[in-house]
Amino acid sequence: VYGHTESAANVLAAKLCERGVTVRMFDPSVIPANHILSAAFRSSHLVFAATTYNNGVFVTMENLLHDIVNHNLQNRKIAVIENGTWAPAAAKIMKAMFEKSKNINYIDTTVTLRSAMTEENAKAIERMAEELCR
């Protein structure tokens with residue numbers, strides 16, 4: 001919403017690239033969902049980063065996740081970054097959306113931002129990058 005979630009995603013992408021991982025990033029508020037959906041089916045690991053908006057997930061990410069789940073994405077490892085200044089809820093909601101999907105595994109680290117990134121968030125993103133590379 002204000003760019004802080006995107007900044008955190010960019011930090012994670014840089015950490016992964018430093019480790020030799022090929023990264024493709026998509027902003028569902030500007031990229032058509034079918035392009036992102038297609039890439040999701042070609043990827044073994046996915047990271048979803050979203051803001052909490054009206055106690056839910058920001059609408060373009062919510063719509064994308066509905067599409068992905070309804071197309072029966074399975075057998076993936078997923079990481080989640082959420083942002084919510086007052087009451088972050090996006091991670092819990094995003095994970096709940098995948099409950100009907102088969103063989104979805106979450107990495108241990110979930111990054112929770114409260115607006116802008118902090119040093120603690122940077123450490124969590126480093127842990128997330130390590131887990132994704134295992």
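Since we're looking at a predicted model, the values are computed, not measured.

Caption draft 1: Region of the structure containing the pattern of salt bridges. One pass over the full model with this rule turns up two salt bridges. Glutamate 126 serves as the salt-bridge partner of lysine 15, at 3.1 Å between the closest nitrogen and oxygen. Of this pair, lysine 15 sits in helix 1 (residues 4-18) while glutamate 126 sits in helix 5 (residues 119-133), placing them 111 residues apart in sequence. By relative accessible area, lysine 15 is classed as partly exposed at 22%.

Caption draft 2: Here's a closer look at the pairing of strand 3 (residues 76-83). Counted residue by residue, strand 3 has seven buried out of eight residues, so it is predominantly covered. Direction of pairing for strand 1 (residues 45-53) relative to strand 3: parallel, over a ladder of seven bridges. Within strand 3, the position partnered with alanine 49 by the bridge is isoleucine 81. Bridge count for strand 3 against strand 4 (residues 104-113) is seven bridges, and the pairing is parallel. Across the sheet, residue valine 80 finds its bridge partner in strand 4, namely threonine 110.

Calculation rules
Residues numbered from 1 in each chain as written. Predicted model: local features only at pLDDT ≥ 70, side-chain atom pairs only at ≥ 80, totals over all residues. Heavy atoms only, no water. Salt bridge = Lys/Arg side-chain N within 4 Å of Asp/Glu carboxyl O. Helix = DSSP H or I, 4+ residues; strand = E, 2+ residues; numbered from the N terminus. Buried < 20%, exposed > 50% of the residue type's maximum accessible area, 1.4 Å probe, protein only. Pairing = 2+ DSSP bridges.

Such coordinate-based values are descriptive only and should not be taken to indicate function.
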